[in-house]
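Structural characterization, general
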Amino acid sequence: MTAPVSAWINRYPHDRALRRRAEIGFWAAVLLVQAAFNTVVSWIDLRGAGRAVAAWEPLLWELTSALVVAALIPAVVAFEQRFVLRWGTLRRHLPWHVLASVVYCTVHLVGMWALRHAGYAALGERYQPPGWWAQWGYEYLKDVRSYTLTVCALVSYRFLLLRLQGEARVLDAPEPPAPPALQEQAPTQDAPAPADPLEPPSQPPQRPERFLVRKLRREFLIAAGDIAWLQAEANYVGLHVHGHDYLLRSTLTDFLAQLDPTRFVRVHRSYAVNLDAIAVIEPLDSGDARLVMKDGSTVPCSRRYRDGLAPRAG
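Residues numbered from 1 in each chain as written. Predicted model: local features only at pLDDT ≥ 70, side-chain atom pairs only at ≥ 80, totals over all residues. Heavy atoms only, no water.

1. Notes on the packing of aromatic side chains
Applied cut-off: Classification of ring pairs rests on two measures: the distance between centres of Phe, Tyr or Trp rings, Trp counted by its six-membered ring, which must be within 6.5 Å, and the angle between planes, read as stacked under 30 degrees, edge-to-face over 60 and tilted in between. Every helix listed is a DSSP run of H or I at least four residues long, and every strand listed is a run of E at least two residues long, numbered separately from the N terminus.
This structure, assessed with the given rule, holds 11 aromatic pairs. Ring centres of Phe-26 and Trp-27 lie 5.1 Å apart, and the angle between their planes is 75°; this geometry places the pair in the edge-to-face category. For the ring pair Phe-83 and Trp-96, a centre distance of 5.3 Å and an interplane angle of 25° mean the geometry is stacked. Within this pair, whereas Phe-83 is found in the loop between helix H3 (56–82) and helix H4 (90–122), its partner Trp-96 is found in helix H4, the two being separated by 13 residues in sequence.

2. Some remarks on H4
Residue pairs three or four apart in sequence face the same way in an α-helix, which turns once every 3.6 residues. The condition is simple: A helix is expected to reach a length of 1.5 Å times the quantity of its residues less one.
In a regular helix each residue adds 1.5 Å, so 33 residues correspond to 48 Å; H4 covers 46 Å between its end C-alpha atoms and thus fits that length. Of the residues one or two after H4, Gly-124 is the one with positive phi, at around 75°.

3. Some thoughts on the nonpolar core
Rules: For the purposes of this section, nonpolar cores are sets of buried Ala, Val, Leu, Ile, Met, Phe, Trp, Tyr and Cys residues that join through side-chain atoms within 4.5 Å. Burial status follows relative accessibility: with a 1.4 Å probe on protein chains alone, a residue under 20% of its type maximum counts as buried, one over 50% as exposed, and anything between as partly exposed. Contacts are assigned to residue pairs that have any heavy atoms within 4.5 Å of one another.
Judged by nonpolar contacts, the single largest core of 26 residues is most densely connected at Val-76, Tyr-104 and Tyr-147. Looking at this core, the elements with two or more residues in it are helix H2 (16–48), H3, H4 and helix H5 (132–165). Tallying contributions element by element places H3 first for this core, with eight residues. Once residues within four sequence positions are removed from consideration, Val-76 is found in contact with Tyr-104, Tyr-147, Thr-150, Val-151 and Leu-154. In terms of nonpolar packing, the next biggest core, distinct from the first, is built from 19 residues, Ala-168, Ile-222, Leu-230 and Leu-248 among them.

4. Overview of the packing of H2 against H3
Quick note on the threshold: The convention used is that axes are lines fitted to C-alpha atoms, helices contributing only their stretch in contact, and that angles between N-to-C directions extend from 0 to 180 degrees. Working rule for angles: under 35 degrees goes down as roughly parallel, over 145 as roughly antiparallel, 65 to 115 as roughly perpendicular, anything else as oblique. Each crossing gets its handedness from the near helix: less than a right angle anticlockwise from the far helix is left-handed, clockwise is right-handed.
It is at 9 Å that the axes of H2 and H3 come closest, and there the two elements cross at 150°. Relative to H3, H2 is oriented roughly antiparallel. Considering the relative orientation of H2 and H3, their crossing is right-handed. Residues Trp-27, Leu-31, Ala-35, Asn-38, Thr-39, Ser-42, Trp-43 and Leu-46 of H2 pack against Pro-58, Leu-59, Trp-61, Glu-62, Leu-63, Ala-66, Val-69, Ala-70 and Ile-73 of H3.

5. Considering the pairing of strand E10 (residues 289–293)
Every regular strand shows the same layout, with side chains that alternate between the two sheet faces. Under the convention used in this document: Between any two strands, pairing holds if DSSP finds at least two bridges.
Of all five residues that make up E10, four are buried, and the element is covered over most of its length. Connecting strand E9 (residues 278–283) to the antiparallel partner E10 that follows it, the hairpin turn spans five residues, and Gly-287 within it adopts a positive phi of roughly 100°. Taken together, the four bridges between E10 and strand E11 (residues 298–301) define a ladder with antiparallel strand orientation. The partner of Arg-290 across the bridge, within E11, is Pro-300.

So, in structure tokens, the structure goes:
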């Protein structure tokens, strides 16, 4: 069993379809288990308080709540990717998450009330919710915990995925050039140096040639020329190398500025390619194109970026 498990773990970070199925299955299982437990607890509490309710009512309450939470999870994922929580961004992004928890609770309450009204009406009954503010305060105490646990799960999952997928960083990053005043001997105060009318020749920018990847306590190098294409992924750039994806913490725009512009070009708002790695360009009726890479993968190309595929002078 060790070999299949190991193969699955190695495949998981790079197989987007597999990851999507696993992620959806995880949240579905969590919400269904939570709804089942909460239904039993609610039924016990109501019975202990002497409140007479139909057996289906606690189940309907919890299912409607779970359905709205399920609809909100993609929004929480997108928001957390925009306002990533880590030590360097905690002070700046935490207030936004506090505000998001208020919106989360409000949407959750409105959504589940609407579903409960529809559910009761379908069963020939009438749903009578308590007062708005009293219910909102009660729900917020639960929803702020639910929102926090969801964000913590996303942060933990991203950390685990980075360990499995491998995080890259520039190896031997070039040091910034020294200011001109430090490159020459500083003039004395008594005899200032005359201004040189000739501009010093500009030096070509140094391009990173290698990247160090850390993955599951292992380290290895990849060459910049081996990158077939790149994809923007929130605060990371995915480097596609020989069928594997490695994440590098940067924006796509900033990272492309470090690469050779005669080799790496942007072909989409979220994608860039290595021109040497393109096998076929397939035009589409919409004016866009599909790039078939030499490794068999495909990359979308927007028509506004198609001019970048033309040969460039070195």
